[in-house]
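# Structure at a glance
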Amino acid sequence: QQQVKQSPQSLIVQKGGISIINCAYENTAFDYFPWYQQFPGKGPALLIAIRPDVSEKKEGRFTISFNKSAKQFSLHIMDSQPGDSATYFCAARTQGAQKLVFGQGTRLTINP
Amino acid sequence: DSGVTQTPKHLITATGQRVTLRCSPRSGDLSVYWYQQSLDQGLQFLIQYYNGEERAKGNILERFSAQQFPDLHSELNLSSLELGDSALYFCASSVEASGTQQFFGPGTRLTVL
């Protein structure tokens, strides 16, 4: 129940295309859903986050779509660029707890 | 640059040994979190400290311990090391204890031979 399942494991998108990464969860006590971006040799960096009381949050080219009834959320990267090539992690936090539970990660490659 | 610093960057040691990893949080952050990242287990939460006190515990082995000092830096101690402890160890910090808005350091790569 503490798991967050992320898919796909790897994704190749052409420059200018839309990258979509999906996550699903079972624990309805999760109340905070961040996405992290990690480049090789670096630590994860907070990209964007959403709470379950909204269905969508957009920051620049990055959008989180959240479907509370389906217990799913996804990251959309519009106009994907080679500089977006990285590993992306979704995560979730249980209300009242402090720890983040991470998905397994998606390695995204944007071809020029 | 997240503002979180970790030392050392790389550590190579032998089985059975003990090592200490150090983390300095961002200025003003009171919470420190430790994570282990390995290929098979992904990013796993180990432990959290807030203003010197332990606040949350995750999948941390009994051979591992941590503490946060009055100047808010934190240390993760790993003892009786095994081959399977080889991983990237990340520290993150945040202003609050809530677990949101965590900023990660560059990590320490531990190799146990």
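As the structure is a computational prediction, the values presented were derived from the model and not from experiment.

## Observations concerning the packing of aromatic side chains
Counted by the stated rule, this structure contains 18 aromatic pairs over all chains. Ring centres 4.8 Å apart and planes at 50° place the aromatic pair Phe-33 of chain A and Phe-66 of chain A in the tilted group. Here Phe-33 of chain A is found in strand E4 (residues 30-38), whereas its partner Phe-66 of chain A is found in strand E7 (residues 62-67), with 33 residues between them in sequence. Among the aromatic residues, ring-to-ring pairing joins Tyr-36, Phe-89 and Phe-102 of chain A together with Tyr-35, Phe-45, Phe-90 and Phe-104 of chain B into one connected group. Across from the ring centre of Phe-103 of chain B, 3.8 Å away, lies the NZ or CZ of Arg-26 of chain B, which sits over that ring.

## Remarks on the interface of chain A and chain B
Contact with chain A, which involves 17 residues of that partner, is made by 22 residues of chain B. In this assembly, chain A packs against chain B so that about 1,500 Å² is buried in total across both faces, 54% of it on carbon and sulfur atoms. Among the residues of chain A in contact with chain B, Pro-44, Gln-98 and Phe-102 of chain A are the three that bury the most area, contributing 35% of the side total. The interface formed by chain A and chain B contains 4 residue pairs in polar contact (both at pLDDT 80 or more). Those elements that provide at least two residues to the side of chain A that touches chain B are E4, strand E9 (86-94) and strand E10 (100-102) of chain A. The dominant element in the side of chain A that touches chain B, judged by the number of residues it contributes, is E4 of chain A, at 3 residues. Partitioned by chemical class, the residues of the side of chain A that touches chain B number 8 nonpolar, 5 polar and 4 charged.

## So, the sheet that holds strand E7 (residues 64-68) of chain B
All names here are of chain B. In space, the 4 strands of this open sheet follow the order E1-E3-E8-E7, with antiparallel pairing throughout. Each end of this open sheet is capped by a strand with a single partner; those strands are strand E1 (5-7) and E7. Averaged over all neighbouring strand pairs, the angle between strand axes comes to 15°, with direction disregarded.

## Looking at the pattern of salt bridges
A complete count under the given rule lists 7 salt bridges over all chains for this structure. Notably, a salt bridge pairs Lys-57 of chain A with Glu-59 of chain A, separated by 3.7 Å at the nearest N-O pair. Classification of Lys-57 of chain A as partly exposed rests on a relative accessible area of 32%. Since its relative accessible area comes to 36%, Glu-59 of chain A is described here as partly exposed. Taking the shortest distance from any N to any O, the salt bridge between Arg-63 of chain B and Asp-85 of chain B comes out at 2.8 Å. Residue Arg-63 of chain B is located in the loop between strand E6 (53-57) and E7, and its partner Asp-85 of chain B is located in the loop between strand E8 (74-78) and strand E9 (87-94); the two are separated by 22 residues in the primary sequence.

Reading guide: rules and limits
Along each chain, residue indices are assigned from 1 in the same order as the chain's sequence is written. For this description, chains carry letters from A and ligands carry numbers from 1, given in the order in which they are written. Only residues with pLDDT of at least 70 get local features here, since the model is predicted, and only at 80 or more are side-chain atom pairs given and counted; chain-wide, interface and lining totals rely on the full set of residues. With hydrogens and water stripped out, all remaining heavy atoms of the structure feed into the side-chain values. Here the aromatic set is Phe, Tyr and Trp, taking the six-membered ring for Trp, and pairing holds for ring centres within 6.5 Å; pairs whose planes are under 30 degrees apart are stacked, those over 60 apart are edge-to-face, and all others are tilted. Elements are defined by DSSP. Helices are runs of H or I of four residues or more, strands are runs of E of two residues or more, and each kind is numbered from the N terminus. Any Lys NZ or Arg CZ that is within 6 Å of a ring centre and within 35 degrees of that ring's normal is treated as a charge sitting over the ring. By the convention used here, residues are in contact when the closest approach between their heavy atoms is within 4.5 Å. The term buried area denotes the loss of accessible surface (1.4 Å probe radius) that occurs when two parts are joined, taken as the sum for both partners. Within 3.5 Å is the distance limit for a polar contact, defined as a pair of N or O atoms, with the added protein rule that one can donate a hydrogen and the other accept it, and that residues adjacent in sequence qualify only through two side-chain atoms. Residues are grouped as follows: Ala, Val, Leu, Ile, Met, Phe, Trp, Tyr, Cys and Pro are nonpolar; Asp, Glu, Lys and Arg are charged; every other residue, Gly included, is polar. DSSP bridges decide pairing: two strands pair if at least two such bridges lie between them. Fitting a line to C-alpha atoms yields each axis, with helices limited to the stretch in contact; the angle taken between N-to-C directions then spans 0 to 180 degrees. In the sections that follow, a salt bridge refers to a side-chain nitrogen of Lys or Arg positioned within 4 Å of a carboxyl oxygen of Asp or Glu. Each residue gets one of three labels from its accessible area relative to the maximum for its type: buried under 20%, exposed over 50%, partly exposed in between, using a 1.4 Å probe on protein chains only.

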